[in-house]
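Listed below, chain by chain, are the residues.
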Amino acid sequence: MPHSIWDDDQALKAHPAYRQAKAGEQDAAIDLVWDLAMDFLSTLMTKLPLELTYVAPYAREATGDNAIPLMLASACAEVLRGEVETEIVQASRVFHTGAKAMERLLLRPQFDGPVTAGTAYVLVDDVTCLGGTLAELADYIQAGGGQVATVITLVNAGRLKPLKPEPLVIRRLRERFPDAIHHTFGIDPGALTANEASYLSGFRTADELRDRAAKAAKENDLRLRAKGFQLEDPSAPLNQEGET
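Right, let's walk through the structure included here. Just so you know, these numbers come straight off a predicted model, no measurement behind them.

### A short note on the side chain of T193
Mapped onto the elements of the fold, T193 is located in the loop between α8 (180–185) and α9 (194–200). Overall, T193 belongs to the buried group, its relative accessible area being 1%. Looking at T193, its side chain comes within polar contact range of the main-chain oxygen of L130, at 2.5 Å. The residues touching T193, leaving out its near neighbours within four places in the chain, are L130, G131, G132, A135, L163 and P165.

### Structural notes on the sheet that holds strand β6 (residues 147–156)
Here four strands make up an open sheet; going across it, the order is β2-β1-β5-β6 and the pairing parallel. Across the chains shown, the open sheet's two edge strands, defined by having one partner strand only, are β2 (83–85) and β6. Strand after strand, the sheet turns through a mean of 30° between neighbouring axes, direction not considered. The sheet contact formed by strand β5 (residues 120–128) and β6 spans eight bridges and is parallel. Directly across from D125, in β6, lies its bridge partner T153. Helix α4 (residues 68–79) contacts β1 (53–55), β2, β5 and β6 of the sheet and is inclined by roughly 135° relative to β5.

### Considerations on the pattern of salt bridges
When their charged atoms lie close together, side chains carrying opposite charge are able to pair. With the rule as written, the count across this model stands at ten salt bridges. As a salt-bridge pair, D7 and K161 come within 3.3 Å of each other at their nearest N and O atoms. Separated by 154 residues along the polypeptide, D7 in the segment before α1 (10–14) and K161 in the loop between β6 and α7 (167–176) bring together distant segments of the chain. Taking the relative accessible area as the measure of exposure, K161 reaches 26% and is therefore partly exposed. Among the ionic contacts, a cluster of salt bridges with common partners joins R108, E136 and E196.

### Focus: helix α6 (residues 132–143)
The terminal C-alpha atoms of α6 lie 16 Å apart, and with twelve residues this matches the ideal 16 Å at 1.5 Å per residue to within 8%. Among the residues of α6, those classed as buried are G132, T133, L134, A135, E136, L137, A138 and I141.

### What about the pairing of β5?
Counting buried positions along β5 gives seven out of nine residues, so the element sits mostly inside the fold. Two elements, β1 and β5, share three bridges in a ladder whose sense is parallel. Residue pairing across strands places T53 opposite Y121, the latter belonging to β5.

Rules used in this analysis
Residues numbered from 1 in each chain as written. Predicted model: local features only at pLDDT ≥ 70, side-chain atom pairs only at ≥ 80, totals over all residues. Heavy atoms only, no water. Helix = DSSP H or I, 4+ residues; strand = E, 2+ residues; numbered from the N terminus. Buried < 20%, exposed > 50% of the residue type's maximum accessible area, 1.4 Å probe, protein only. Polar contact = N/O pair within 3.5 Å; in protein donor to acceptor, adjacent residues only side chain to side chain. Contact = heavy atoms within 4.5 Å. Pairing = 2+ DSSP bridges. Axes fitted to C-alpha atoms, helices over the stretch in contact; angles between N-to-C directions. Salt bridge = Lys/Arg side-chain N within 4 Å of Asp/Glu carboxyl O. Expected span 1.5 Å × (residues − 1).

Quick look at the structure:
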């Protein structure tokens, strides 16, 4: 089960340093994490083993990128006596801020950097909703031989709190949409998070799912054009700087 403080982001957004931290100012992110997270992290000292490695989704070269996840990962390593991993980075920008569920499903991040086989990693982020970013990071770490110990966020806004879905839900999705999920999102249904799987379970047919995905791809394209970016393929992750 992921560890988090809140079920919504109201308290996070109310912090006076939030806007600056979200815009990439490291000093603001430090102030925010110090004020909001340190007591919470202290409660995890008896729940988590020592010497874990904490990793957050962040883009090393991006300007204006959300500074909170990396600062939170650094605080986790300090308080919980572990290490912070800064070489694993998000290689594609996905612009999830303001995106709806289907738009988020289509814009999936990619990661780069060395994974140390056998190392136990803790995934760290400020906010998770559907959980797709953390799921992609988990898949990347596991593909490199690492292990995912748990997840720490300030806000877990998903309706379902665990990251992994129940096997029965995945089995039903495979039966209802034999190939549509893989063809539409480029992932196996087993790689979905609990909240992603729950959302897709609301579609009755593969045609209905594909129609909604096509509409979401156009909405992504319009939303990103308004921000000054353009996708060659509206359903592909954006490989430029931007917000998460």
